[in-house]
Amino acid sequence: MFCLRQVKFYSQVNSKILFSSKLLKRSAASNLSSSTLVKEKRMLVERSADTMGAERGLNSTVAGEVDVVMSDASKTGGYDDTARCLETNLVKLGSIPAQVMVYGRPFPLVLQPREKVCNFFQLQENMREKHAEIQNAASEYGVVWFAGFEVKSPEEWASVLSNTGLKEMPYIGGAAVRKLIVGNEKRLTDMNVVTTNESPPSEAIPFHCELAQTPNPPDHISFWCKVNTTEGGATPVLRTDLVYNFLLDHYPEALQNFESLGVKYVRIVPEEDDFTSAQGRSYKSMFKANSREEAEKEMAKDGWNWEWQPNGDCKTISKCLPAVRTTASGKKVFCNQVIAAYFGWVDKRNEMRKSCVFGNGEPLPAAVMDDLKQFMDDNAVACRWHPGDFMLIDNYMAYHSRQTFSTDGRRKVMASIAKGTKDVKSKCHHLTLSSGDRMPSVGLGTWKIPKDKTAESVYSAITNGYRLIDEACDYGNEVEAGQGINQAISEGIVSRDDLFITSKLWNTYHRKEHVKAACLKTLKDLSVEYLDLYLIHFPISLKFVPFEKRYPPEWIYDPESADKCMVEDAVPMRETWEAMQELVEEGLVRNIGLCNVGVSMIRDILSYAKIKPAVLQVEIHPYNSQQVLLRYCRENGIAITAFSNLGASSYLELNMSTKADSCLEEECVRKLAEKHGKTPAQIVLRWGVQRGTAIIPKSSKTHRLVENISLFDFNLSNDDMMVIDSLNANKRFNDPGVFAEGAFNTFFPIYE
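Formed by 134 residues in total, the largest nonpolar core has its most connected members in Phe146, Met439, Leu531, Tyr534, Ile602 and Leu616. Ranked by the residues each element gives to this core, the list is headed by helix 6 (residues 120–141), at 8 residues. Discounting chain neighbours no more than four positions away, the residues touching Ile602 are Leu594, Val597, Leu616, Leu629, Tyr632, Cys633 and Ile638. By size, the runner-up hydrophobic cluster in this structure holds 69 residues, among which are Val100, Val237, Tyr251 and Phe358.

This part covers the packing of aromatic side chains. Considering all chains together, one arrives at 23 aromatic pairs under this definition. Ring centres of Trp506 and Trp555 lie 5.1 Å apart, and the angle between their planes is 85°; this geometry places the pair in the edge-to-face category. With Trp506 in the loop between strand 27 (500–505) and helix 16 (512–526) and Trp555 in the loop between strand 28 (533–536) and helix 17 (573–585), this residue pair connects regions lying 49 residues apart in the sequence. There is no split in this pair, since Trp506 and Trp555 are both buried. Note on Phe538 and Trp555: the rings are 5.2 Å apart at their centroids and 65° apart in plane angle, and the pair reads as edge-to-face. Of this pair, Phe538 sits in the loop between strand 28 and helix 17 while Trp555 sits in the loop between strand 28 and helix 17, and the two are 17 residues apart along the sequence. Both residues of the pair, Phe538 and Trp555, belong to the buried class. Members of the aromatic cluster, joined through ring pairs, are Phe146, Phe149, Trp157, Trp224 and Phe390. A cation over a ring is seen here: Arg267 above Trp345, with NZ or CZ 5.7 Å from the ring centre. Directly above the ring of Phe405 sits Arg411, whose terminal nitrogen or CZ lies 5.1 Å from the centroid.

Interhelical geometry of helix 21 (residues 680–690) versus helix 23 (residues 718–725) gives an angle of 105° and a closest axis separation of 11 Å. Taken together, helix 21 and helix 23 sit at an angle that is classed as roughly perpendicular. Each of Ile683, Trp687 and Gln690 in helix 21 lies in contact with helix 23, whose residues at this interface are Met721, Ile724 and Asp725. Split into classes, the residues belonging to the contact of helix 21 with helix 23 amount to 4 nonpolar, 1 polar and 1 charged.

Glancing now at the sheet that holds strand 26 (residues 468–470). Taken together, 8 strands build an open sheet; the order of strands is 25-26-27-28-29-30-31-32 and the sheet is parallel. Both edges of this open sheet fall to strand 25 (443–445) and strand 32 (694–695), since each of them pairs with a single strand only. Sheet analysis places strand 28 next to strand 29 (residues 592–595), joined by 3 bridges and oriented parallel. Residue pairing in the sheet places Leu535 in a bridge with Gly593 of strand 29.

Within this model, the second largest pocket holds a volume of roughly 1100 Å³. As for the second largest pocket, its lining consists of 43 residues, and the residues nearest its centre are Lys427, Cys428, His429, His430 and Arg438. At the level of elements, helix 6 and strand 24 (438–440) are the ones that each hand at least two residues to the lining of the second largest pocket. Per element, the largest residue contribution to the lining of the second largest pocket is 5 residues, and it comes from helix 6. In the lining of the second largest pocket, the residues fall into 13 nonpolar, 11 polar and 19 charged.

Of note, the amide linkage connecting Phe107 to Pro108 takes the cis form, showing an omega dihedral of -5°. Relative to the helices and strands, Pro108 resides in the loop between strand 5 (105–107) and strand 6 (109–113). The peptide bond linking Tyr551 to Pro552 adopts the cis configuration, its omega dihedral lying at -5°. A positive phi angle, close to 75°, is found at Arg353, a residue other than glycine.

The next point concerns the pattern of salt bridges. Taken as a whole, this structure holds 43 salt bridges when the rule is applied. The residue Arg704 makes a salt bridge to Glu707 at a minimum N-O spacing of 3.0 Å. Within this pair, Arg704 and its partner Glu707 are both found in helix 22 (residues 702–709), separated by 3 residues, close to a single helical turn. For Arg704, a relative accessible area of 39% gives the class partly exposed. In this structure Glu707 comes out as buried when scored by relative accessible area, which is 13%. When salt bridges with common partners are traced through the structure, they connect Lys167, Glu168, Asp190, Lys422 and Arg438 into a single cluster.

Our focus in this paragraph is the sheet that holds strand 11 (residues 205–208). Sheet architecture is open: 3 strands sit in the order 11-21-13, paired in antiparallel fashion. A single partner strand is all that each edge strand has here, and the edge strands are strand 11 and strand 13 (237–239). Neighbour-to-neighbour, the strand axes of this sheet turn through a mean angle of 15°, independent of strand direction. Pairing between strand 13 and strand 21 (residues 398–402): 3 bridges, direction antiparallel. Paired with Val237 across the bridge in strand 21 is His400. Most of the contacts of helix 8 (residues 240–250) go to strand 13, to which it runs at about 55°, and overall it touches strand 13 and strand 21.

At a minimum axis separation of 7 Å, helix 14 (residues 451–463) and helix 15 (residues 478–490) run at an interaxial angle of 30°. Judged by the inter-axis angle, helix 14 sits roughly parallel to helix 15. Between helix 14 and helix 15 lies a crossing whose hand is right-handed. In this structure, helix 14 uses Lys451, Thr454, Ala455, Val458, Tyr459 and Ile462 to contact helix 15, whose residues at the interface are Glu480, Ala481, Gln483, Gly484, Ile485, Gln487 and Ala488.

Rules used throughout
Residues numbered from 1 in each chain as written. Predicted model: local features only at pLDDT ≥ 70, side-chain atom pairs only at ≥ 80, totals over all residues. Heavy atoms only, no water. Core = buried A, V, L, I, M, F, W, Y, C linked by side-chain atoms within 4.5 Å. Buried < 20%, exposed > 50% of the residue type's maximum accessible area, 1.4 Å probe, protein only. Helix = DSSP H or I, 4+ residues; strand = E, 2+ residues; numbered from the N terminus. Contact = heavy atoms within 4.5 Å. Phe/Tyr/Trp six-rings, centres within 6.5 Å; stacked < 30°, edge-to-face > 60°. Lys NZ or Arg CZ within 6 Å of the ring centre and 35° of its normal. Axes fitted to C-alpha atoms, helices over the stretch in contact; angles between N-to-C directions. Parallel < 35°, antiparallel > 145°, perpendicular 65-115°, else oblique. Nonpolar A, V, L, I, M, F, W, Y, C, P; charged D, E, K, R; others polar. Pairing = 2+ DSSP bridges. 1 Å grid on protein atoms, 1.4 Å probe; cavity = no way out; pocket = protein on both sides within 12 Å on 5 of 7 lines; lining within 4 Å. Points joined across faces, edges and corners; volume = space filled by probe spheres on them. Salt bridge = Lys/Arg side-chain N within 4 Å of Asp/Glu carboxyl O. Left-handed = near helix turned anticlockwise from the far one by under 90°.

What follows is the structure, encoded as structure tokens:
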């Protein structure tokens with residue numbers, strides 16, 4: 001009988017000789033001779049060029065002893081037009097140490113940045129342009145690995161995923177315990193981001209195709225690494241067609257049974273999630289149910305059978321599902337959860353070898369399963385994770401698994417699943433928030449737009465492609481902004497869901513009993529039912545001014561008194577934040593955040609927040625780049641909206657700046673404008689969005705509105721970005737510690 005434990009991973013060399021990647025790796029590491037390798041591996045398989053070219057696989061006769069030919073994926077190439085068309089001015093084909101050749105092609109296919117830095121925003125622009133080609137490459141190669149890109153948070157990764165053209169789907173029926181990181185299960189608009197598996201590091205997770213134990217598995221699954229452990233923790237991958245061909249060659253009868261009979265999956269699941277088990281997901285989580293009755297209703301929809309256990313557990317039995325599937329290209333693949341269920345679904349409720357049977361109820365052949373597992377384990381391609389790396393897997397073409405890892409508590413790898421495709425290019429460029437909502441990258445700032453021009457400006461902005469309107473109680477023009485919004489909606493230019501409307505809680509409403517009332521007032525003035533984002537305008541708490549007395553209340557408590565000044569009301573930020581969270585829970589706002597604060601206050605809020613700040617809005621322009629704050633927010637998944645994007649221009653009429661303070665007059669900015677064929681303003685605004693921030697430039701002039709949003713047909717190089725970065729002088733124009741004393745007779749610093 002053919003000894004499968006001696007035969008490892010097959011790959012094409014010169015269209016004829018197949019070799020073991022495991023042995024090749026040993027050869028490279030220890031300089032073993034070919035003869036030594038042949039002694040260790042008595043059997044190699046020879047294939048004809050036409051068989052290999054058709055990728056029919058491993059149907060062959062056993063060859064005699066032949067020399068093993070070394071093949072390095074990074075040197076032999078193997079790229080076809082499917083891969084080469086992915087290269088752009090931002091992205092190139094690359095390699096990683098674990099990459100091997102499978103049927104003459106690199107596995108996985110690796111993409112890397114052309115320049116030293118390519119951040120998530122640039123990558124999502126590239127993904128937006130090449131999403132169809134990347135989907136096709138995943139189908140042809142099995143796995144596309146993105147290595148070396150600057151993706152710092154799950155929210156940034158979600159922004160990239162939202163441009164893949166892959167359609168979101170709920171995670172229903174899975175065995176693994178997971179936590180939702182980015183997204184909203186009740187309002188699924190893009191691919192959610194979840195933890196990969198909450199089981200202990202000591203639990204290895206065998207090879208499987210995601211949710212293949214359900215009637216509706218995803219087409220794609222993606223993984224992203226925030227930080228890796230010191231040892232282990234890789235996510236090995238393996239082509240499903242290799243496994244099919246292995247069975248076809250050596251266990252054709254078993255393969256025929258898998259194909260004709262299908263399989264059923266049997267698992268006893270707990271009532272509540274069991275975090276000690278790699279398959280400890282409860283029936284409540286599996287089926288989004290709050291009771292047995294709801295779970296039964298959901299199981300019945302997909303043909304599950306069930307048996308309730310005396311202790312409250314539930315024995316679930318899937319309907320008969322395919323173990324062999326045919327891809328869109330007509331290729332047969334061994335795509336299922338067979339290995340994971342048979343060997344891996346083992347805990348205090350479930351026994352090894354009992355969780356997967358043939359569709360007729362007969363047990364799977366133990367010897368075949370043992371050899372199949374050995375083959376898959378031996379030939380796993382285990383790529384080492386690095387922060388920011390992610391991979392896109394065609395769930396029908398490749399398995400994935402998880403290695404055990406050291407218990408240093410560092411490993412953070414996230415996952416996301418998709419079923420089908422959707423349009424990408426008709427949607428505006430955006431940042432994904434922790435709620436899963438999209439915040440457009442360019443919006444209209446409405447500060448200092450006169451009331452009599454606000455409605456027209458907002459309406460004109462929407463007709464010219466703007467979808468983010470940034471408002472505030474203190475601007476005094478929310479009623480007029482609402483008129484412009486509702487005109488655009490009534491004319492069918494947009495729907496309310498197409499817009500992202502921001503407003504801000506003013507300083508006089510920080511006490512918990514005033515927060516909701518202030519929000520309701522804003523909603524009424526804007527004539528909308530909810531806000532997409534509600535921000536605390538300043539970390540300044542002032543004495544309450546009733547609506548009927550004065551609205552907006554502005555800064556001075558009593559403008560009619562002889563002592564015209566600000567009157568502080570010391571309200572803890574925690575009190576205000578907890579009241580803001582209640583607005584989300586009541587559905588009045590979808591996201592909450594902060595303005596004009598630094599790292600220390602954000603860190604404090606994160607220590608107690610049930611809902612973390614989704615957005616921070618601060619003054620950012622080339623003279624005040626706030627690099628440290630930007631990095632902190634990016635690493636913690638807090639999107640930044642930058643105001644005063646052009647620097648001094650917004651403050652000239654307030655005598656808070658001079659024309660000499662304009663960064664648009666800088667020689668380096670003008671040279672870059674000439675280089676790219678853009679205006680100086682577009683160069684500065686592009687610098688803002690390319691750093692990964694949203695921007696909200698103000699204008700009431702149509703031609704300026706068009707200019708300010710026309711930022712996505714060019715890219716600033718790393719050198720270009722550094723030139724503009726060099727202008728930083730930590731210079732703020734909007735600083736209460738400066739203007740409040742002169743304008744409101746009150747010294748009130750918020751920055752040191």
